[in-house]
Amino acid sequence: MDKRTIIINPLDNVAVALCDLKKGETHEGVTLAEDIAKGHKFTLRDVYEGENIIKYGNPIACALKDIPKGMHVHTHNVKTNLSENLEYVYEKVATELEKVKGRKVNVYERADGGVGIRNEIWVIPTVGCVNGQAKLIVETYKKRYGTEGFDGVFTFTHPYGCSQLGDDHERTKLILSKMVKHPNAGGVLVLGLGCENNQMSAFKEGLGKVDGKRIKFLVCQDVDDEIESGVELLRDIAEAIKHDKRKEKDISCLKVGLKCGGSDGLSGITANPLVGMFSDYIVAAGGTTVLTEVPEMFGAEQLLMNRAKDEITFGKVVKLINGFKDYFRANGQTVYENPSPGNKAGGITTLEDKSLGCTQKSGSGPVEDVVFDDGFITKKGLNLLNGPGNDMCAVTNIAAAGCHLVLFTTGRGTPFGGFVPTLKIATNSELAEKKANWIDFNAGAVLETGFAEQLEKLIDLIVETANGKPTKNEINETKEIAIFKTGVTL
């Protein structure tokens, strides 16, 4: 392979630059007719107006005009092939993975039979009005008592919980209640105001039975000093969780979310395929992975559908894809308003280009289930999860569905982290070096050493993270949530 370029699939009529290339250079037997930036594409032969551009062995666009051999292929000379809802046909492909022996991890056992990879205390506001109080309670507790005996105390603020109607209101309640039950939290203080739509009594009823020693509730309007009252409740929670100890389990106990953000032209060449290999590894070992970002499946959805384990699951994938297209149109938007400006600058031309790279994070195994807005991950193997591509919303959805950590690939870089450990995986070595304070793993090394060596290193890092090693987002305390909003605010 020319280390400066790559042809991803033998069927492709374009190659991708792995570094900046100059006009007049010869690569893949083609003399370049213009400069090609890193991550961008050039034609391997003459492509004619109306002909498909093939990358990853699949169409990513069609030519708006004739594009001679050696020319740059991008938004200026191609257009998307995407359209409205499609009629899909199930053409099942063989996807069974050979079983492998998994690694061991040290995790916290929970009373409901689940496991957590952190033993933290969380303060969760039911409404944005008490965000400031939640922060003060956490800050006061840490200054006064510290966090010895557990993995930290955090709050996750948001602007919702009041003046929301219908599904919007229910979505806020659902996400917050899922967080209360997340196994990475050894204990939770649910903090309300008192007059909000998201009333504490109804919220508690929706939670069902909880451990009263680990889950506490406080309504600020009901007490004289909500800060002192909150701190005392955190002391009670800390006393209940501080004796929890890690126990050895098989890696199959983990649920791992798969996400990308700030993608570039190398995302589908280095980091995403590497994460896909990890997905296949942990699924083959009996574990679970979760892929979301439904709009970034458009253009690659048939490949996922053909991997559905059966006709029923295929139908769920169709519902997932067309349901999100319906959501776009209901708000007067086209289904292909993507990729972002940063994606385009990095070499991603159309949504199909982005999707075919994005979905490589799912590996090659069968799609076992599709989870919609109100569900938890309950089936082992690869799951698809409903939700948008927005980084903060997607990671919140993944974690709320039950994932212990998230693998987040990025070619442009982002400091963001969710309320579970969020491992940032750089697609290129330059980003990993420049933003070492953000990046946990350099998948750009794949171009030098190959996938096998980097996969072993990635597995090592994931085991270490499950065992308690903090991720960069945890070190930087960038732990945030964003609730996907679809409705009306009063």
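Residues numbered from 1 in each chain as written. Predicted model: local features only at pLDDT ≥ 70, side-chain atom pairs only at ≥ 80, totals over all residues. Heavy atoms only, no water.

**Student:** Describe the sheet that holds strand E9 (residues 78-79), listing the residues and the values that go with them.
**Tutor:** Taken together, the three strands give an open sheet; going across it, the order is E6-E7-E9, and neighbouring strands pair in antiparallel fashion. The open sheet has two edge strands with one neighbour each: strand E6 (52-55) and E9. In the sheet, strand E7 (residues 58-63) pairs with E9 via two bridges, with the strands oriented antiparallel. Its bridge partner being in E9, Ala-63 is matched across the sheet by Val-78. Along the sheet, helix H9 (residues 351-358) contacts E6 and E7; its crossing angle with E7, the most-contacted strand, is approximately 165°. (Pairing = 2+ DSSP bridges. Helix = DSSP H or I, 4+ residues; strand = E, 2+ residues; numbered from the N terminus. Contact = heavy atoms within 4.5 Å. Axes fitted to C-alpha atoms, helices over the stretch in contact; angles between N-to-C directions.)

**Student:** Quick rundown of the pairing of strand E21 (residues 405-410)? Include the residues and the values.
**Tutor:** Of all six residues in E21, six are buried; the element is thus mostly enclosed. On E21, burial covers both faces: Leu-405, Leu-407 and Thr-409 on one face and Val-406, Phe-408 and Thr-410 on the other are all buried. Relative to E21, strand E17 (residues 255-260) runs parallel, the two sharing five bridges. The residue bridging Val-256 from the neighbouring strand is Leu-405, located in E21. (Buried < 20%, exposed > 50% of the residue type's maximum accessible area, 1.4 Å probe, protein only.)

**Student:** Just give me the short version of the pattern of salt bridges, but keep the residues and values in it.
**Tutor:** Summed over the entire model, instances satisfying the criterion amount to 31 salt bridges. For Arg-4, the salt bridge goes to Glu-25, with nearest N and O atoms at 3.6 Å. Taken as a pair, Arg-4 in the segment before strand E1 (5-6) and Glu-25 in the loop between strand E2 (14-17) and strand E3 (26-27) lie far apart in primary sequence, 21 residues in all. Glu-25 sits in the partly exposed class, given a relative accessible area of 22%. (Salt bridge = Lys/Arg side-chain N within 4 Å of Asp/Glu carboxyl O.)

**Student:** If you had to explain a nonpolar patch on the surface to someone new, which residues and values would you point to?
**Tutor:** A contiguous nonpolar surface patch, about 310 Å² in accessible area, is contributed by Leu-165, Val-488 and Leu-490. Within the secondary structure layout, Leu-165 lies in the loop between strand E13 (153-155) and helix H2 (166-180). Overall, the relative accessible area of 39% leaves Leu-165 in the partly exposed class. (Patch = residues over 30% accessible without salt bridge, like charges linked within 9 Å, V, L, I, M, F, W, Y side chains within 5 Å. Areas by Shrake-Rupley, 256 points an atom, 1.4 Å probe, with all protein chains shown as cover.)

**Student:** Can you tell me about the sheet that holds E2, naming the residues and giving the values?
**Tutor:** One open sheet holds the four strands; their spatial order is E1-E2-E5-E8, and the pairing between them is antiparallel. The two strands at the open ends of the sheet, each matched to only one other strand, are E1 and strand E8 (72-73). Relative to E8, strand E5 (residues 41-43) runs antiparallel, the two being bridged by two bridges. The partner of Lys-41 across the bridge, within E8, is Val-73.

**Student:** Quick one: what's the story with unusual backbone geometry, residue by residue and with numbers?
**Tutor:** You will see that Tyr-56, though not glycine, has its phi angle at about 60°, which is positive. Residue classification places Tyr-56 among the buried positions, given a relative accessible area of 12%. Within the chain, Glu-293 stands out as a residue other than glycine whose phi angle is a positive 65°. Within the secondary structure, Glu-293 is located in the loop between strand E18 (288-291) and helix H6 (301-305).

**Student:** Please provide a residue-by-residue account of the side chain of Lys-41, values included.
**Tutor:** For Lys-41, the location among the structural elements is in strand E5. Overall, the relative accessible area of 0% leaves Lys-41 in the buried class. Within the structure, the side chain of Lys-41 is placed 2.7 Å from the side chain of Thr-349, a separation counted as a polar contact. (Polar contact = N/O pair within 3.5 Å; in protein donor to acceptor, adjacent residues only side chain to side chain.)

**Student:** Any details on the nonpolar core? Residues and values, ideally.
**Tutor:** Core analysis: the biggest nonpolar cluster contains 56 residues, and Leu-254, Phe-278, Leu-384 and Leu-407 have the highest contact counts within it. For Leu-384, the residues in contact, after removing those within four places along its chain, are Leu-291, Met-297, Leu-304, Val-317, Leu-320, Val-367, Asp-369, Val-370 and Val-371. Of all hydrophobic cores here, the second largest spans 34 residues; its members include Trp-122, Phe-154, Val-180 and Val-219. (Core = buried A, V, L, I, M, F, W, Y, C linked by side-chain atoms within 4.5 Å.)

**Student:** Tell me what's going on with H2, and back it up with residues and numbers.
**Tutor:** A rise of 1.5 Å per residue sets the reference length of H2, with its 15 residues, at 21 Å; its end C-alpha atoms lie 22 Å apart and thus fit the reference within 8%. Most of H2 is tucked away: eleven of the 15 residues are buried. Among the residues of H2, those classed as buried are Asp-168, His-169, Arg-171, Thr-172, Lys-173, Ile-175, Leu-176, Ser-177, Lys-178, Met-179 and Val-180. For H2, the elements touching its buried residues are strand E12 (120-125), strand E14 (185-192), helix H3 (200-207), strand E15 (215-219) and helix H10 (391-400). (Expected span 1.5 Å × (residues − 1).)

**Student:** Residues and numbers for the side chain of Thr-288, please.
**Tutor:** Its location among the elements puts Thr-288 in strand E18. According to the relative accessible area criterion, Thr-288 is buried, its value standing at 1%. In this view, Thr-288 contacts Leu-254, Lys-255, Val-256, Ile-282, Ile-377, Lys-379, Lys-380, Gly-381 and Asn-383; residues no more than four positions away in its chain are not counted.

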